[in-house]
Amino acid sequence: MRKKIVAGNWKMNLDYNEGLALFSEVTNMVKDEATGNQQVVVCSPFIHLHSLAQLAKGYSNIAVGAQNAHQAESGAYTGEVSAKQVKSTGAEYVILGHSERRQYFGESNELLAKKTDIALANGLKPIFCIGETLQQREANEHFGIIKSQLEEGVFHLDADKFGQVVLAYEPVWAIGTGVTATSDQAQEIHAFIRAELATKYGQQVADDTTILYGGSCNAKNAGELFACADIDGGLIGGASLKSRDFTDIVKAFN
Ligand code: PGA
């Protein structure tokens, strides 16, 4: 049975002490909520990773992730952080291909394929983000965009490696806007993604892949979204910065 995941994406928020305080609150509140095959992942800025990973050690259902990693193994890339460095903090996951990275840092599918390879080679599980802009949806291009993001970003992986990948469908028009995709819109895309996975890797791999929804997911709409057959949890931005809201989203599984 595939994992159900609620992942928080803190983005570039919280100083070191604020991050530790929030994480302690979150672990206390969610440790008894995420049960069975449910997992909570907190994706923090790099500065928090090691400390959070230490704190997460006591909880089998809570893990830590980064929000990015460089595509090279190591070297003269001033200011960058490698997948190996992320892994050495105790982090287990890394978000790759978030729309903000694609938009503000020019990350292409081709680059993200390299980042995915190096993350996997270093034992990190990518949370690989895909999603269309409003313009693309209005032009009815969303299915094509999702398909090419999959084909160019992750479909070079063999089935074994792909088995380590979590996908996150995040329509760009829903991120940080307060406009959530309806559960019908989200389910339609998630079902499409799973069908693409079945065509590429077979039904078993498709059934085992966790596909998260992201974009203005909150305590109010999470229950309806997570009840959809092909939505296996959420990637949560704004609402992950408040322990009560984040916990309520984790509880929405139950
Ligand atoms: P949001 O962000 O929940 O604030 O819309 C989601 C994300 O960027 O992953």
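A word on the pairing of strand β1 (residues 4-9). In regular strands, side chains alternate between the two faces of the sheet. Most of β1 sits out of view: 5 of its 6 residues are buried. As paired elements, β1 and strand β2 (residues 38-43) share 6 bridges and run parallel to each other. Bridge pairing in β2 places Ala 7 opposite Val 41.

With 19 residues, helix α9 (residues 183-201) extends 26 Å from end C-alpha to end C-alpha; this agrees with the ideal 27 Å at 1.5 Å per step. Of the residues making up α9, those classed as buried are Ser 183, Ala 186, Gln 187, Ile 189, His 190, Phe 192, Ile 193, Arg 194, Glu 196, Leu 197, Ala 198 and Tyr 201. Gly 202 sits one or two residues past α9 and shows a positive phi near 100°.

All right, on to empty space enclosed by the protein then. Across all of its chains, the model carries 1 cavity of 30 Å³ or more by this definition. Roughly 30 Å³ of volume is contained in the largest cavity. Looking at the lining of the largest cavity, the elements with two or more residues in it are α4 (99-104) and β5 (125-130). For the lining of the largest cavity, the per-class residue count stands at 2 nonpolar, 5 polar and 2 charged.

What counts as what
Residues numbered from 1 in each chain as written. Predicted model: local features only at pLDDT ≥ 70, side-chain atom pairs only at ≥ 80, totals over all residues. Heavy atoms only, no water. Buried < 20%, exposed > 50% of the residue type's maximum accessible area, 1.4 Å probe, protein only. Helix = DSSP H or I, 4+ residues; strand = E, 2+ residues; numbered from the N terminus. Pairing = 2+ DSSP bridges. Expected span 1.5 Å × (residues − 1). 1 Å grid on protein atoms, 1.4 Å probe; cavity = no way out; pocket = protein on both sides within 12 Å on 5 of 7 lines; lining within 4 Å. Points joined across faces, edges and corners; volume = space filled by probe spheres on them. Nonpolar A, V, L, I, M, F, W, Y, C, P; charged D, E, K, R; others polar.

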